[in-house]
Amino acid sequence: MIEGGTPLFGTLRVHGAKNSALPILAAATMAREQVVLTDVPDLEDIHVMLDILRGLGAQVSYQRRTVVVNPRTIHSTDVPEHLMRLMRSSIFLMGPLLSRFGTVRVSKPGGCTIGSRPIDFHLKGLAQMGAQIVDRHGFIECSASRLQGAQVFLDLPSVGATENLMMAAALAEGETVIGNAAREPEIRELALFLTQLGARIRGAGEDTIVIRGVDRLDSAEWGIGPDRVVTGTLLIAAAVTGGHVRLQNVRPGDLTAVVTKLRETGVQVLAGHDILEVKGSGSLQAIERIQTAPYPGFPTDLQAPFMALLTLANGTSVVSETVFEDRFKHVSELQRMGASIKVDLRTAFVRGVHELTGAAVEATDLRAGAALVLAGLAASGTTVVERVFHIDRGYENIELQLRELGARVVRTRQAGVSVLQAEG
Ligand code: EPZ
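About the thresholds
Residues numbered from 1 in each chain as written. Predicted model: local features only at pLDDT ≥ 70, side-chain atom pairs only at ≥ 80, totals over all residues. Heavy atoms only, no water. Helix = DSSP H or I, 4+ residues; strand = E, 2+ residues; numbered from the N terminus. Rg over C-alpha atoms; globule rule 2.2 N^0.38 Å. Buried < 20%, exposed > 50% of the residue type's maximum accessible area, 1.4 Å probe, protein only. Contact = heavy atoms within 4.5 Å. Lys, Arg positive; Asp, Glu negative; His and termini not counted. Charge placed at Lys NZ, Arg CZ, Asp CG, Glu CD. Polar contact = N/O pair within 3.5 Å; in protein donor to acceptor, adjacent residues only side chain to side chain. Domains from an automatic or database assignment. Buried area = accessible area lost by both parts, 1.4 Å probe. Salt bridge = Lys/Arg side-chain N within 4 Å of Asp/Glu carboxyl O.

1. Overview of the overall build of the protein
Move 1: Secondary structure summary: the protein contains 15 helices and 23 strands in total.
Move 2: In terms of overall size, the protein behaves like a compact globule, its C-alpha atoms giving a radius of gyration of 22 Å where 424 residues would be expected to give roughly 22 Å.
Move 3: Principal-axis analysis of the C-alpha atoms places the extent of the protein at approximately 65 × 45 × 40 Å.
Move 4: Burial statistics for the protein: of 424 residues in total, 59% are counted as buried.
Move 5: Put simply, 72% of the contacts in the protein that link residues at least 6 apart link residues at least 24 apart.
Move 6: Measuring between centres, the 42 positive side-chain charges of the protein sit 1 Å from its 45 negative side-chain charges.

2. Some points on the environment of Thr311
Move 1: In this fold, Thr311 is placed in the loop between α10 (303-310) and β18 (316-320).
Move 2: Of the residues examined, Thr311 reaches a relative accessible area of 0% and is grouped as buried.
Move 3: As a C-alpha pair, Thr311 and Ser61 span 250 residues in sequence and 43 Å in three-dimensional space.
Move 4: Not counting chain neighbours up to four residues away, the residues in contact with Thr311 comprise Leu334, Ala339, Ile341, Val350, Arg351, Gly352, Val353 and Leu356.
Move 5: Within the structure, Thr311 has its side chain in polar contact with the backbone oxygen of Ala308 (distance 2.7 Å).

3. As for the domain arrangement of the protein
Move 1: As assigned here, the protein comprises domain 1 (2-15 + 226-423) and domain 2 (18-221).
Move 2: The gap between the C-alpha centroids of domain 1 and domain 2 is 31 Å.
Move 3: Every contact between the two is made by 25 residues of domain 1 and, on the other side, 23 residues of domain 2.
Move 4: For the domain 1 face of the interface with domain 2, the top three residues by lost area are Tyr295, Arg393 and Glu396, together amounting to 32%.
Move 5: Where domain 1 meets domain 2, there are five salt bridges.

Quick look at the structure:
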């Protein structure tokens, strides 16, 4: 429940990145010895991944954002279906388990609210590396006595497929080249972690990655890097409330597209070595065009949060979502708060309005939910965001983080509408 209209002020440290931690946790199953990870964010998706590793037989502990994984006791490569259903990114376990143990069985990941999210690139790459793949009754079973290096070329620079195939190649026989690879910072971070384990990888972060397979991977200690999507969300929270916020433990270089667009709206952004500072301005200018794209383009994960900002900018902004086919579910919820948005297929025309008004709205996925919170911070009156479990998948105690910056927000257990009526 959010009382809008309060500019955010203060300093906050950004927590570790969910989308770095998840593939790195999967890669830990390839180590022969214990792996220690620090700054692992306390998020629902992380705990699901830890439960999956425990389900495979690994010994796993989580204390104050430090994870210790002992993969020596792994005795199964069957990813439990009920956990797979909770989080589709457990698909990252295919490459590691197949290359380390020679077999893996996962249940076919469902799509989710933002699109069908197929895994054909993952499967095609593993098949090129010699995996036998059987896809039946909703399960996918892969086996290979030893994966062989291959020349793989991705139709799209898929983050997950790049990560899965890089991990599979780390213990394969010979050299693997991944062409049209994703270049996200999480890919670079995963490659650095694998290298610490003993892998031999060149070119991570560029569009061609070369991996020379080795016979074994040992152990590593790794600090998870900061979450660039959480950073971007908090920058937008400061901008949309006209506040002044300083974020620590950030990598400005990972957010060039977002910072550039924020400055185009008239917001002042100062960048330090590991600091980003935002000073909101009284009025926001619309942006001619924002187009999401694979890194280093504008990140699809910040399309919804940024749209919340544009609903209050002077003029009409054009937002096109090129990565996922169905990632505008936040639009109808923003319209309930008075936003003026027209959607035509994968393009949204956002005409700025003078103000948003609080309403009962519903999160449909983690980034759409974050966008509704941002809109609530700027709206006049009370906004109640329902189904916040979506938001908890990607943001650690989002209401506590925002309260540290002066926001008036509480997490309630009651149904929103009754609370709104109680507010009168
Ligand atoms: C990762 O998902 C992120 N998740 C997503 O973040 C992020 O939105 C996405 O990358 C794009 O940046 C994690 O890292 C855990 P893709 P991923 O494979 O790997 C198509 C969040 O909010 N595709 O790069 O699943 C796919 O349908 C989440 O934290 C195929 O067609 O994304 C999509 O249109 C949401 N076949 C496009 O590629 C495949 O085999 C990009 O998907 C794989 C992907």
